[in-house]
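# Results of the structural survey
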Amino acid sequence: MLAEQRPQREILSLSRYSRVTAYHLLGRYREQGLAALQDGRQSNRGAPTLLTPAEQQRLAAQLHDDFERGIVWEGKQVQTWIQQEFGKDVYLGRTYEFMRAAGFSPQKPRPQHVKGDEEAKEVFRTKG
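The rules behind these values
For every chain, the first residue of its written sequence is number 1, and the numbers climb from 1 along that sequence. With pLDDT at 70 or above as the cut-off, local features in this predicted model cover only qualifying residues; side-chain atom pairs require 80 or more to be listed or tallied, and sums for whole chains, interfaces and linings still use all residues. Side-chain measures were taken over the full set of non-hydrogen atoms in the model, leaving aside hydrogen atoms and water. Counting from the N terminus, the helices are DSSP H or I runs at least four residues long and the strands are E runs at least two residues long. The reference for a compact globule is 2.2 Å times residues^0.38; the radius of gyration itself is calculated from the C-alpha atoms. Note on contacts: a residue pair qualifies if any of its non-hydrogen atoms lie within 4.5 Å across the two residues. Put simply, buried Ala, Val, Leu, Ile, Met, Phe, Trp, Tyr and Cys residues joined by side-chain atoms within 4.5 Å make one nonpolar core. Whether a residue is buried, partly exposed or exposed follows from its accessible area with a 1.4 Å probe, protein chains only, as a fraction of its type maximum: under 20%, in between, or over 50%, in that order. For patches, a residue must show more than 30% relative accessible area and have no salt bridge; joins then use 9 Å for like charges and 5 Å for nonpolar side chains, namely Val, Leu, Ile, Met, Phe, Trp and Tyr. Per-residue and other accessible areas were derived by the Shrake-Rupley procedure at a 1.4 Å probe size, with only the shown protein chains allowed to occlude residues. Salt bridges are defined by distance alone: a side-chain nitrogen of Lys or Arg within 4 Å of a carboxyl oxygen of Asp or Glu. To get an axis, fit a line to the C-alpha atoms, keeping to the stretch in contact for a helix; angles then go from 0 to 180 degrees between the N-to-C directions. Roughly parallel means an angle under 35 degrees; roughly antiparallel means over 145; roughly perpendicular covers 65 to 115; every other angle is labelled oblique. Should the near helix be turned anticlockwise from the far one by less than a right angle, the crossing is left-handed, and should it be turned clockwise, the crossing is right-handed. Expected span, for any helix, means 1.5 Å times one less than how many residues it has. When we speak of the arc, we mean the arc of directions from the helix axis to the C-beta atoms. Polarity classes work like this: nonpolar for Ala, Val, Leu, Ile, Met, Phe, Trp, Tyr, Cys and Pro, charged for Asp, Glu, Lys and Arg, and polar for all others, with Gly in that last group.

Attention now goes to the overall build of the protein chain. Along its length, the protein chain carries 6 helices and 0 strands. The order of α-helices and β-strands along the protein chain, N terminus first, is α-α-α-α-α-α. Taken over the C-alpha trace, the protein chain has a radius of gyration of 28 Å; the compact-globule value for 128 residues is 14 Å, which it surpasses by more than 25%. Expressed as lengths along the three principal axes of its C-alpha atoms, the size of the protein chain is roughly 85 × 40 × 25 Å. Relative to all contacts within the protein chain whose residues are 6 or more apart in sequence, the contacts with residues 24 or more apart total 38%.

And the structure:
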């Protein structure tokens, strides 16, 4: 559009870019040519995974084995296990990603009231 001598206001209106972004793109075009204007998201592979596929499978197997025995893991336990088994420091938030990949969701038992009466709850359940 610049090559066609269109006014700046028209170019910004049609492209929906801000003035700063338009000048940034123009600078990239002048330095690198048409290839600089391509969308680079297709070639962005993202951050490398923290655990290898083999390590993820080992963690998933451990989670499934413990689940079969009635043990449900929390994120902090997964974080500690990864540190002990693989020597890798993992943020707590990433442990939930590994749990979901293994087919589990982060679980925590509902808190019990301090003054909860188990006998009263059982009587209430059997009233029905």
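Core analysis: the biggest nonpolar cluster contains 14 residues, and Leu59, Leu63, Val78 and Ile82 have the highest contact counts within it. Looking at this core, the elements that each hand over two or more residues are helix 3 (53-68), helix 4 (75-86) and helix 5 (92-101). In terms of residue count, helix 4 provides more of this core than any other element does, 4 residues in total. Non-local contacts of Leu59, meaning those with residues more than four positions away in its chain, are made with Leu51, Trp73, Val78, Trp81, Ile82 and Phe98.

A contiguous nonpolar surface patch, about 320 Å² in accessible area, is contributed by Tyr29, Leu34 and Leu37. Turning to its location among the elements, Tyr29 is positioned in helix 2 (residues 19-32).

Each packed pair of helices is defined by two parameters, the angle between the axes and the distance between the axes. Interaxial distance between helix 3 and helix 4 falls to 12 Å at its minimum, and their mutual angle equals 130 degrees. Put simply, helix 3 runs oblique to helix 4. Every pair of crossing elements has a handedness; the one defined by helix 3 and helix 4 is right-handed. Residue-level inspection shows Glu55, Arg58, Leu59, Gln62 and Leu63 of helix 3 in contact with helix 4, the latter providing Val78, Trp81, Ile82, Glu85 and Phe86.

Before going further, it helps to spend a moment on helix 4. For helix 4, which comprises 12 residues, the first-to-last C-alpha distance of 16 Å matches the rise-based estimate of 16 Å (1.5 Å per residue) to within 8%. For helix 4, the complete set of buried residues consists of Gly75, Val78, Gln79, Trp81, Ile82 and Phe86. Across the axial projection of helix 4, the buried residues extend over an arc of 165 degrees, all falling on one side. Turned more than 90 degrees from where helix 4 packs its buried face, Lys76 and Gln84 sit exposed. Turning to helix 4, the residues buried within the fold contact helix 3 and helix 5. Gly87 occupies a position one or two residues after helix 4 and carries a positive phi of about 70 degrees.

Turning next to the environment of Gly103. For Gly103, the position within the fold is in the loop between helix 5 and helix 6 (118-127). Residues Gly103 and Ala22 lie 81 residues apart in sequence; the distance between their C-alpha atoms is 45 Å.

Moving on to the side chain of Thr95. Its location among the elements puts Thr95 in helix 5. Excluding residues that lie within four positions of it along the chain, Thr95 makes contacts with Gly75, Val78, Gln79 and Val90.

Let us now look at the packing of helix 4 against helix 5. Axis separation between helix 4 and helix 5 bottoms out at 8 Å; the angle between their running directions is 95 degrees. Overall, the two elements helix 4 and helix 5 adopt an arrangement that is roughly perpendicular. Here Gly75, Lys76, Val78, Gln79 and Ile82 of helix 4 lie close against helix 5, whose contacting residues are Leu92, Thr95, Tyr96, Phe98 and Met99. Residue composition of the contact of helix 4 with helix 5, grouped by class: 6 nonpolar, 3 polar and 1 charged.

None of the figures reported here should be taken as evidence of function without further support.
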